[in-house]
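Each chain, written out:
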Amino acid sequence: MPLMEPYRVKVVEPIPILTRAEREAAMVRAAYNPFSLRADEVTIDLLSDSGTGALSAAQQAAGMRGDETYAGARSFFRFRDTVSELTGYPHIMPVHQGRAAERILFGAVLKPGQLSVSNTHFDTTRANVILSGGVAVDLPCPEAADLDNAYPFKGDIDLAALAAKLDGPDDVGIVVMTITNNGGGGQPVSMANLTAVAKLCREHQVPFFLDAARFAENAWLVIQREPGYADHTPQQVARLAFDLADGAVASLKKDAIAHMGGFLALREEGLAKHCEAILIATEGFRTYGGLAGRDLEMLAEGLREVVEPDYLRARAAATAHLAELVKAAGVSVVEPPGIHALYLNAGRLLPHIPPSEFPGHALATELYLAGGIRCAELGSLYLGEEDENGVLVKPAPYELVRLAIPRRVYTQSHLEYVAETIAEVAKNPERVPGYRVVEAPALLRHFNCRVEPIR
Ligand code: F0G
């Protein structure tokens, strides 16, 4: 089978094509921060795969039968039955997006000072652990530290380190496995690793949860890469993963291919009762949780579509194709490429830019100037630590750029345009300037900072 999208286009949306001069003006207006660009200024938007997917005709039709009854809406029961069938969990709470489920879960489970241990907490997950009085500890497997290592499951947790944490003096309140590991390069977690984590958690009587935002993509990579799963369906693998845990939080803006939504799913009734009270106080009644009936319907339909093998095969092939083209142009990526995003090794492409001048940010900015591609760095601008004078004292471990791929939105030719733009920049990397921060808020500076090129 050639690489081909298993759907055809029914509705189109024009994309803005700007001149280089217009893009330069837009970047000046945005103070060189991609988060400050307007959609009208972006040709290909690879900032996030969250809430950016294209709905199917079936999802739109499902939305039309959305039941907006305040309590007991038909749409809730369709949503609940779909999530319950997928996960096997009896207690299903809709929430407006993933971070709401995180806030409710950690608020209910974590006691002050307790640890949340993960392969890697996503940033909102980490923030919600901290807001609940806990301490977030990441224990990625050692293979993950080597960006070039093609180990197939670099999303795995370091089992020896996890066992030591559970045996040690710290009070571990929860273990959370992020599938796939977004913060760690979009890498999958193996079933063998999840099984071992579940066993350790059971032995130590510590609750084990999944952050299942990309559960279907993780299942697909297990089927492709892990011995013993080639004959399974994505649904079967996903279910085996959910079976191992005590519950899950999920942002459904990813693998439910919808614009808004999430769930908190639990096995245990006592915890569910506690969480439900917080849900009603902060999100909405238990049968809508901050979502409209039409959202619940579109999410239920999206959860059925996302596990279709033809869809997952094509999506994985699209990312792999982009990775091949980018590597052929001499740009390194985090190996092996996952599905939801391609992570470019900006530090290696731009060795003349020190971490204090943000090579990841420099590459992301250049991709916009050269081709109107919006993406963001995962490097020292975002993850580095600076002193009170704003001087970078601890750079990020890597200088990466994440090209997040929205679901069903861009075609093969769009991705080839992205690859051509990257290749163009990679011809003369020494021309790319470094950047300095002009103004930055104390919190979450990468979203709001103003920077400028160093000429
Ligand atoms: N967990 C993971 C692994 C995520 O990637 C995200 C969001 C969340 C939780 C939070 O979910 O946005 O629905 O509240 N990731 C987006 C991204 C923002 O671009 O990677 P949310």
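Reading guide: rules and limits
- Residues numbered from 1 in each chain as written.
- Predicted model: local features only at pLDDT ≥ 70, side-chain atom pairs only at ≥ 80, totals over all residues.
- Heavy atoms only, no water.
- UniProt positions renumbered as here; feature names shortened; annotations may be inferred.
- Salt bridge = Lys/Arg side-chain N within 4 Å of Asp/Glu carboxyl O.
- Helix = DSSP H or I, 4+ residues; strand = E, 2+ residues; numbered from the N terminus.
- Buried < 20%, exposed > 50% of the residue type's maximum accessible area, 1.4 Å probe, protein only.
- Patch = residues over 30% accessible without salt bridge, like charges linked within 9 Å, V, L, I, M, F, W, Y side chains within 5 Å.
- Areas by Shrake-Rupley, 256 points an atom, 1.4 Å probe, with all protein chains shown as cover.
- Pairing = 2+ DSSP bridges.
- Axes fitted to C-alpha atoms, helices over the stretch in contact; angles between N-to-C directions.

Under an unreviewed UniProt entry, the name given to the protein is Tryptophanase, and the source organism is Actinokineospora iranica. Here is the UniProt Cofactor (unreviewed entry) comment for the protein, exactly as written: "pyridoxal 5'-phosphate".

(A) Representation of the pattern of salt bridges in the model. The full count for this structure, using the stated rule, is 31 salt bridges. Across the salt bridge formed by Glu24 and Arg20, the nearest N and O atoms sit 2.9 Å from each other. Here the residue Glu24 and the residue Arg20 both occupy positions in helix H1 (residues 20-29), the gap between them amounting to 4 residues, near one helical turn. Residue classification places Glu24 among the partly exposed positions, given a relative accessible area of 36%. Residue Arg20 is classed as partly exposed on the basis of its relative accessible area, which comes to 37%. We note a salt bridge from Glu68 to Arg294, for which the minimum N-O separation is 3.8 Å.

(B) Looking closely at a nonpolar patch on the surface. Taken together, the side chains of Phe35, Leu443, Leu444 and Phe447 present a nonpolar region at the surface, about 400 Å² in accessible area. Checked against the element boundaries, Phe35 lands in the loop between H1 and strand S1 (44-45). When its relative accessible area of 31% is taken as the criterion, Phe35 is described as partly exposed.

(C) Structural detail: the sheet that holds strand S11 (residues 376-378). The strand order S9-S14-S11 describes an open sheet built from 3 strands, whose pairing is antiparallel. Of all strands in the sheet, those with a lone pairing partner are strand S9 (341-345) and S11, marking the two edges. When strand polarity is set aside, the average angle formed by the axes of neighbouring strands in this sheet is 35 degrees. As paired elements, S11 and strand S14 (residues 400-404) share 3 bridges and run antiparallel to each other. Of the residues in S14, the one forming a bridge with Glu377 is Val401.

(D) Layout of the pairing of strand S7 (residues 247-251). Of all 5 residues in S7, 5 are buried, a share of seventy percent or more. Every second residue of S7 is oriented toward a common face, with Gly247, Val249 and Ser251 on one face and Ala248 and Ala250 on the other, all of them buried. Across 3 bridges, strand S6 (residues 208-211) lies against S7 in parallel orientation. In the sheet register, Asp211 faces S7, and the bridge partner there is Val249.

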